[in-house]
Amino acid sequence: MSDLAPASLRRTLRRGFGGWWDRLGLGVALSLAGSVAAAGALGVAAVTPGRFRLPVLVAALTLAWAVFGFVSARMAFHALLQQEASWIESLRALRVCAIRALRLSACQVGGSGLLALGALFYATRGWSVSVPLTALCALMLAHWLAQCGYQWPLLIAAEDGLIQRPEGGRPRVRAAVRNAFVLGVTQRPELALVQAATALVLVVSVASGVGIVLIGPGLAAFVASALTLERLASAGLVTLPPDPSEPVRDAGWPSGRDR
C-alpha cells in the first residue's frame, strides 16, 4: 500500500468532520461509550489490591479498548459509506473476530504503555541525554498513536472483505499493523495535519465547557475512518459516496445513440 496517492486533506477533513456532524447522535453515543469503558477499566483497577493493580489495569484497558475500538471504528466506517451502522451488527461482528480485536488492542495498549514509560523514565533522570531521549520517546509515541488510528479501520476493511491476502482469505492483525505503519510513514504531512485539526476541535470543546467526553472518541473514530477510506478509495478497494459539497459535473446532452 506504499504506492498509493496521498489523500486529499480538504476532502478528508470535510468527510470526517461532516460525517460526524451529520450523525452527531451516533458520535456522542460513541464518545459516551468510550468514556464509560475507560472509567470502568479504571474502576476495576482501583478496587484491586495494590500488587495486582497494574496487571489488572492493563488487562481491563485491553479488553475495554478491544470492544470500543472495534465497534466505534466499524460504525464510523459504515456510516461514512452511507451504510447501516447498527450496534447489534457491530457487536455480532466483534464476536466473530474477538481474538483479532483483542490482539490488536493488546498491541496498541502495550506499544503505547512501553513508549510512555520510556518517556517517563528518561524525563525523571538527570542524565545529559535525558532531554533528547525523552523527546524521542514522545515523538515515537505520537507517531505510534497516529498509526493506531489507521489500524482499526484497516481491520474493519479486512473483516468486510475489502482487503484480502494474495493467497486468499482475510489479512491477519499484523497485516493491519504493517499497513498502518506504511500509510503513516508515506503520509506524514496529511496525517499530522488531520490530527492537529482534530486536537484543535477537542481543545476548543474542552475550553467551551462541552467536554472531551461527549466529543473526543466519536470524532476521532470518524476522522480516522475518513482518512483510511480515502486511501482505500485511491487503491480502488472501496467506492466512496459522492461528496455533497463537490460540484456536480455536467456530462452534457446525450448523443443520439445514447438516447
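Calculation criteria
Residues numbered from 1 in each chain as written. Predicted model: local features only at pLDDT ≥ 70, side-chain atom pairs only at ≥ 80, totals over all residues. Heavy atoms only, no water. Helix = DSSP H or I, 4+ residues; strand = E, 2+ residues; numbered from the N terminus. Buried < 20%, exposed > 50% of the residue type's maximum accessible area, 1.4 Å probe, protein only. Contact = heavy atoms within 4.5 Å. Expected span 1.5 Å × (residues − 1). Patch = residues over 30% accessible without salt bridge, like charges linked within 9 Å, V, L, I, M, F, W, Y side chains within 5 Å. Areas by Shrake-Rupley, 256 points an atom, 1.4 Å probe, with all protein chains shown as cover. Salt bridge = Lys/Arg side-chain N within 4 Å of Asp/Glu carboxyl O. Lys, Arg positive; Asp, Glu negative; His and termini not counted. Charge placed at Lys NZ, Arg CZ, Asp CG, Glu CD. Axes fitted to C-alpha atoms, helices over the stretch in contact; angles between N-to-C directions. Parallel < 35°, antiparallel > 145°, perpendicular 65-115°, else oblique.

## Brief notes about the overall build of the protein
And step 1. Assigned secondary structure in the protein consists of nine helices and zero strands.
And step 2. Helices and strands appear in the protein in the N-to-C order α-α-α-α-α-α-α-α-α.
And step 3. Taken over 259 residues, the protein has a buried fraction of 40%.
And step 4. Sequence-distant contacts in the protein: of pairs separated by 6 or more residues, those separated by 24 or more amount to 76%.

## Here we look at unusual backbone geometry
Most peptide bonds take the trans form, and the phi angle of most residues other than glycine is negative.
And step 1. Its identity is not glycine, yet Gln-82 carries a phi of approximately 60°, on the positive side.
And step 2. Among the residues examined, Gln-82 registers a relative accessible area of 55% and is labelled exposed.

## Quick look at helix 5 (residues 98-123)
Because an α-helix packs 3.6 residues into every turn, residues spaced three or four apart end up facing the same way.
And step 1. In this model helix 5 runs 37 Å from its N-terminal to its C-terminal C-alpha over 26 residues, within 8% of the 38 Å that 1.5 Å per residue would give.
And step 2. Where helix 5 is buried, its residues touch helix 3 (50-80), helix 4 (87-96), helix 6 (130-159) and helix 7 (173-186).

## Structural notes on the environment of Ala-64
And step 1. In this structure, Ala-64 sits in helix 3.
And step 2. As for Ala-64 and Gly-34, which are separated by 30 residues in sequence, their C-alpha atoms are 8.3 Å apart.
And step 3. Every residue in contact with Ala-64, bar those within four places of it in the chain, is listed here: Ala-37 and Ala-41.

## Examining the side chain of Ser-225
And step 1. Note on placement: Ser-225 falls in helix 9 (residues 212-234).
And step 2. Its relative accessible area of 1% is what places Ser-225 among the buried residues.
And step 3. Once residues lying within four places of it in the same chain are set aside, the contact partners of Ser-225 are Ala-73, Ala-76, Phe-77, Leu-80 and Pro-153.

## Side note on a positive patch on the surface
And step 1. Positive charge collects at one region of the surface, where Arg-103, Arg-172, Arg-174 and Arg-178 lie side by side.
And step 2. The topology assignment puts Arg-172 in the loop between helix 6 and helix 7.

## What to know about the packing of helix 4 against helix 5
And step 1. Two numbers describe how helix 4 lies on helix 5: the axes approach to 4 Å, and their chain directions differ by 85°. In terms of orientation, helix 4 and helix 5 fall into the roughly perpendicular class. Between helix 4 and helix 5, the contacting residues are Leu-94, Arg-95 and Val-96 on the first element and Ala-98, Arg-100 and Ala-101 on the second.

## Some details on the pattern of salt bridges
And step 1. In the structure shown here, the tally under the stated rule is four salt bridges.
And step 2. In this structure, the salt-bridge partner of Arg-11 is Glu-230, at a minimum N-O distance of 3.0 Å. Placement of the pair is Arg-11 in helix 1 (residues 9-22) and Glu-230 in helix 9, with a sequence separation of 219 residues.
And step 3. The partly exposed category is assigned to Arg-11, whose relative accessible area is 29%.
And step 4. Residue Arg-92 pairs with Glu-89 through a salt bridge whose shortest N-O separation is 3.1 Å.

Everything listed is a geometric property; what it means functionally is a separate question.
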